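# Architecture at a glance
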Amino acid sequence: TCILAIETSCDETAAAIVKNGTELLANVVASQIESHKRFGGVVPEIASRHHVEAITDVISEAFSQSGLEWDDIDAIAVTEGPGLVGALLIGVSAAKALSFAKKKPLIGVHHIAGHIYANRLIEEFEFPLLALIVSGGHTELVLMKGHGEFEVIGQTRDDACGEAYDKVARMLSLPYPGGPHIDRLAADGEETIEFPRAYLEEGSFDFSFSGLKSAVINTIHNAKQRGKELKDEDIAASFQASVVEVLVEKTFKAAKQYNVKEVIVAGGVAANKGLRNKLAERFENSGIPLHFPPIHLCTDNAAMIGAAAHIAYEQGRRHGMDLNANPGLELY
Ligand code: ATP
Ligand code: MG
Ligand code: FE
């Protein structure tokens, strides 16, 4: 089974062709980061316009990369939500038009299901599994007892993890997206500032990053007022230590409590070296295998959408021409 997948939920225009849910035949990502950088974040209107301009070329490129033709394609998958509505609409419209013109079944995919299934392009899942999702818009612990079954056991009550990275980066005048820059700085810094750890109530698997964000703002502000020199590297290292410690401890506790067979990590912040190292350390000798997607499959791409769509395809799930972009779609 070959699925053509399309992803346009944010600021990357992406198309991929995935065979049997696990084999990547083409993976094309056109990033708009350069266009959004000077605004310090993604401008929705600009994102939509770029998607319109890029979508046709990106899909053609996926066909040339794979060497396949339309006859080889069994279904068309697209991210239906969540994301920026105008951005999502470009992908959904393209997928619907192609589905109608080429008479191929249409499958809408949840963006976060996609992030999770990026891991299956590397290794088969073993259930029950625990997924830690850390991205620009989400921070969640999801328990999966089978394919396409998602039970959210914890989530952020305010900012997403990637959002916190991007906001702290902005305070340090680092370019958008700031996550990778903080990661790099943190590697050269020392944990000299003790920032709060948001564990919340005993037993909760929820997260919170807004208090930490405020603590970072206040620390920078106070240091400036007192004429005290703080090294950006140390701020980055201290911030990252707080984020990573809570993510690691809650993931470890949930993995034990739910007795899972493996833990997988997903989303843009799964690219973070500090998080990867600390998780690996914590799970070493735990008897619970830990998996990350390769870096290029952590951030937005269509390969992960194709991987998730394969399961929906096998389960007989199809969408009609009434498929619509849904910016607030719940995980299904
Ligand atoms: P969502 O998937 O929740 O809809 P999104 O698609 O915008 O949101 P992703 O593309 O999955 O998010 O991830 C982008 C986020 O990942 C950004 O916030 C970015 O700063 C962060 N990020 C990327 N690489 C790293 C890194 N090495 N360390 C920390 N954060 C990172
Ligand atoms: Mg992105
Ligand atoms: Fe994403």
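Bear in mind that the values here come from a model prediction, so they are computed numbers and not experimental data.

### Regarding the overall build of the protein chain
- Counting its secondary structure elements, the protein chain contains 10 helices and 10 strands.
- Radius of gyration (C-alpha) of the protein chain: 20 Å, near the 20 Å computed for a compact globule of 332 residues.
- Classification of the 332 residues of the protein chain by burial places 50% in the buried group.

### Notes on the sheet that holds strand β2 (residues 12-19)
- The strand order across the open sheet formed by 5 strands is β3-β2-β1-β4-β5, and the pairing between neighbours is mixed. This sheet does not close on itself; its edge strands, each paired only once, are β3 (23-31) and β5 (106-110). Strand-to-strand twist across the sheet, computed as the mean angle between neighbouring axes with direction ignored, equals 20°.
- Sheet strands in contact with helix α3 (residues 85-102) are β1 (2-7), β4 (75-81) and β5, and its direction is about 155° off that of β4.

### Some points on the sheet that holds strand β6 (residues 129-134)
- Strand order in the open sheet formed by 5 strands is β8-β7-β6-β9-β10, with mixed pairing between adjacent strands. Looking along the sheet, the strands with just one partner apiece sit at the ends: β8 (151-155) and β10 (290-291).
- Judged from the 4 bridges that link them, strand β7 (residues 139-144) and β8 form a sheet pairing that is antiparallel. By the bridge assignment for β8, L143 is matched with E151.
- Each of β6, β7, β8 and β9 (262-266) is contacted by helix α8 (residues 232-257), which is oriented at about 160° to β6, the strand it contacts most.

### Remarks on the site of ligand 1
- Taken together, 24 residues form the shell around ligand 1, and within it G136, G137, G162, G179 and G268 come nearest.
- Elements with a minimum of two residues in the shell around ligand 1: α4 (111-117), α5 (161-171) and α6 (179-187).
- Among the residues making up the shell around ligand 1, the classes are represented as 6 nonpolar, 15 polar and 3 charged.

### Quick look at unusual backbone geometry
- Note that the residue after G81, namely P82, is joined by a cis bond; omega there is -10°.
- Residue P128 is reached from F127 by a cis peptide bond, and omega for that bond is -5°.
- Here N20, not a glycine, exhibits a phi torsion of approximately 55°, which is positive.
- If you trace the backbone, N20 turns up in the loop between β2 and β3.
- Notably, N259 is not glycine yet its phi reads approximately 50°, a positive angle.
- In this structure, N259 sits in the loop between α8 and β9.
- Of the residues examined, N259 has 9 C-beta atoms within 10 Å and is grouped as exposed.

### Focus on α8
- Taking 1.5 Å as the rise per residue, α8 with 26 residues should run 38 Å; its terminal C-alpha atoms sit 38 Å apart, in good agreement.
- Positive phi shows up at N259, right after α8, with a value of about 50°.

### Looking at the pairing of β3
- Across 8 bridges, the pairing between β2 and β3 is antiparallel. Counted as the bridge partner of A16 is N27 from β3.
- Connecting the antiparallel pair β2 and β3 is a turn made up of 3 residues, with N20 showing a positive phi of about 55°.

### A look at the UniProt feature "domain: Gcp-like" (unreviewed entry) in the protein chain
- Residues given the UniProt feature "domain: Gcp-like" (unreviewed entry) here are residues 23-306.
- The straight-line gap between the two end C-alpha atoms of residues 23-306 is 10 Å; of that span, 46% is helix and 16% is strand.

### Brief notes about the confidence of the model for the protein chain
- This prediction gives the protein chain a mean pLDDT of 97; 100% of its residues lie at or above 70.
- The secondary-structure element of the protein chain with the lowest mean pLDDT is helix α1 (residues 33-37), recorded at 91, while β1 shows the highest, at 99.
- For this predicted complex, the interface confidence comes out at an ipTM of 0.98, alongside a pTM of 0.96.

Criteria and cut-off values
Residues numbered from 1 in each chain as written. Chains lettered and ligands numbered in written order. Predicted model: local features only at pLDDT ≥ 70, side-chain atom pairs only at ≥ 80, totals over all residues. Helix = DSSP H or I, 4+ residues; strand = E, 2+ residues; numbered from the N terminus. Rg over C-alpha atoms; globule rule 2.2 N^0.38 Å. Buried ≥ 20, exposed ≤ 12 C-beta atoms within 10 Å, placed from the backbone. Pairing = 2+ DSSP bridges. Axes fitted to C-alpha atoms, helices over the stretch in contact; angles between N-to-C directions. Contact = placed C-beta atoms within 7 Å. Near = placed C-beta within 6 Å. Nonpolar A, V, L, I, M, F, W, Y, C, P; charged D, E, K, R; others polar. Expected span 1.5 Å × (residues − 1). UniProt positions renumbered as here; feature names shortened; annotations may be inferred. pLDDT = per-residue confidence, 0-100.

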